[in-house]
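Commentary on secondary and tertiary structure
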Amino acid sequence: MYNFAKNKNTDIELDSKGVVGHKFIKSRRVSGYSIESALGELFDNPQDQIVSATKITAHFHLEKSSINKLQCKKILVLDNGSGMDYDTLRNCHSLGSSRVYSQKCLGRFGEGGILGSLSIASRRKTYTRSESGVLLARGYDMDLVKEQDTWGSFPIEVTPEDEKWFSDLVGETGTIVVLESLDLMRPITWQSVKTRLLDYLPTTYDKWLSEDPTGREISFKSFVNDKCQDYKIVKPVDPLYWYHDKNQQLRDELINHEYDDGTKTKVRVRVSYIKGIKEVKRGDRNKTQGGYVYRNGRIIISGTRLIHMGESHNDYRNLRYSIEYDASGDAAMGTSPSKNGIHMDQSLHDKILHFVQEARAYIAHDLRKDKDEKNKEQADGILKKVAENLGNSEPATRGRNHNTSNKEGANKKSEKVTNLRQPAKKDYNLIQVSHHRNGSIGECVMSTSSEFRYDLTINRDHPAVQEIFEQDSNVQELCFNLLLTTLNAASVISCGTEEESRLLRDNFVNTFSNSLRNLTTIS
């Protein structure tokens, strides 16, 4: 049997012509890039130290479609970096770069820029000029790839018009990538593209922009008939609001992770609680909750897309956390080739999960405390309303008393309570039931009868009710006024969901009943 370990000197035989064919390239064109992440690959290259651009912009050339909507026909990505020489330009059109990437570079395998372009456009041209002053150009064309059944790029002859065009757009040094024949671009309408870019760019490149807010800039423009119609400068947005004075920084930990070969990497975990930041809209809180993964300062995963760290939930809409690492952490984090996914080492995952769960527990406690305070405020308001109504109550019309209890609390013969006087404009039907001495004192609901406004049901077994019936009519009047007003106020308590409101109402009535029972027993 063939042993791979013992046959390291085996020569590889190249398939067919020894090249990457059209079908393979066609399959790589659908590699999972969205329009914004594909353009992000082209925004990444100028930020690497080897190019060190300070201004990056995208131009979208639009035309009206048959349904009168503006659609993208051509895209330019421009930067004012140091440009490229001939070998670097040719290398950036290959599927996998041979250059060595530093730990601070955004690139990894040297294929993102070309795959991002292929996922949108079947044709690309790249113009670049370095300090040498020579303008170079190179491109690919999928029609030629199909015709020759091989992947490759070709040099483009530069004309004097190209020289002027380049200088007008970029200046002395820099690069312009031109994408044409946007056959795979989705969506293609400008409004949809614009919305996606405004969601994607401010957070994805927040750190790069914030490091030099006056010197660095990312922007995009739209053109119709070569006239600029729209111009947006991207303002950085930190999804964690880390340095906001109202943010609670719950965690800032540095995890040292060691590989099997003894090499080490560091992963930073930060946790924010943005509850007190009023600038964040309620809808955005739910939309942007969760984790953000930064690789060399650039977000590769955002929000609730980060799995295994707890599902999104309304209670945790104010929780944000970040996982930050450089290229030395790629193996531990399991960074995907397209840098839009991760599969963490289990031990590293468990350490990060511990911090996130700790934060969730803190937030759950904080939410319970808020609910308790809210319930207390509402209960205080009800008691205040009861006191006000008792102070303002005046004698009015008489009500009727009906005894409706049997062995199981069913209706019995009604009997009148002599001289019972009711609160003004609150005629009620007094209904007696038997619910044991430890049961609730009663309830108040809107009456179904046209004669009365309320049905006041009282538990005649309750010690306080038994004592009321032993008093004269004036005392009865005052006591039933109190019961009616209190139970009526309790019936309209509302807080959160219907289930939460019901529990709060029941809790209030039970507390009120127990208090009266205890007072009656003590007296």
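Coordinates for the structure precede this section.
Residues numbered from 1 in each chain as written. Predicted model: local features only at pLDDT ≥ 70, side-chain atom pairs only at ≥ 80, totals over all residues. Heavy atoms only, no water.

**Section: the packing of aromatic side chains**
This model, assessed by the stated rule, comprises 8 aromatic pairs. A cation over a ring is seen here: R360 above Y316, with NZ or CZ 4.2 Å from the ring centre. (Phe/Tyr/Trp six-rings, centres within 6.5 Å; stacked < 30°, edge-to-face > 60°. Lys NZ or Arg CZ within 6 Å of the ring centre and 35° of its normal.)

**Quick word on the side chain of S513**
Along the chain, the position of S513 falls in helix α14 (residues 498-522). A relative accessible area of 1% means that S513 is categorised as buried. Aside from chain neighbours lying at most four places away, what touches S513 is S440, I441 and H462. (Helix = DSSP H or I, 4+ residues; strand = E, 2+ residues; numbered from the N terminus. Buried < 20%, exposed > 50% of the residue type's maximum accessible area, 1.4 Å probe, protein only. Contact = heavy atoms within 4.5 Å.)

**With respect to the sheet that holds strand β7 (residues 217-224)**
Where strands meet in a sheet, backbone hydrogen bonds hold them as pairs that are either parallel or antiparallel. Strands sit in the order β5-β4-β3-β6-β2-β1-β7-β8 across an open sheet of 8 strands; the sheet is mixed. Both outer strands of the open sheet, β5 (154-155) and β8 (227-233), are each paired with one neighbouring strand and no more. Here strand β4 (residues 135-141) runs beside β5; their pairing, made up of 2 bridges, is antiparallel. Among the inter-strand pairings, G139 is bridged to a residue of β5, identified as F154. In the packing of helix α2 (residues 35-44) onto the sheet, the strands contacted are β1 (55-64), β2 (70-79), β3 (123-129), β6 (174-180) and β7, and the crossing angle to β2 comes to about 20°. Across the face of the sheet, helix α7 (residues 190-204) comes into contact with β1, β2, β7 and β8 while running at roughly 175° to β7. (Pairing = 2+ DSSP bridges. Axes fitted to C-alpha atoms, helices over the stretch in contact; angles between N-to-C directions.)

**Notes on the pairing of strand β13 (residues 319-325)**
Counting buried residues along β13, 7 of its 7 residues qualify, which places the element largely inside the surrounding structure. With burial as the criterion, each face of β13 is covered, one bearing L319, Y321, I323 and Y325 and the other bearing R320, S322 and E324. In terms of strand pairing, strand β10 (residues 264-273) meets β13 through 6 bridges, oriented antiparallel. Each residue of the ladder has a partner; that of R270, found in β13, is S322. Pairing of strand β11 (residues 290-295) with β13, which is carried by 6 bridges, proceeds in the parallel orientation. Opposite Y292, over in β13, you have S322 as the bridge partner.

**So, the pattern of salt bridges**
Considering all chains together, one arrives at 22 salt bridges under this definition. Between D143 and R123 there is a salt bridge, and its shortest N-O distance comes to 3.0 Å. Here R123 lies in strand β3 and D143 lies in helix α5 (residues 142-148), a separation of 20 residues in the sequence. Classification of R123 as partly exposed rests on a relative accessible area of 33%. Note that R251 and E253 form a salt bridge whose closest N and O atoms lie 2.3 Å from each other. Residues joined in a network through salt bridges with shared partners are K275, D366, K369 and D370. (Salt bridge = Lys/Arg side-chain N within 4 Å of Asp/Glu carboxyl O.)

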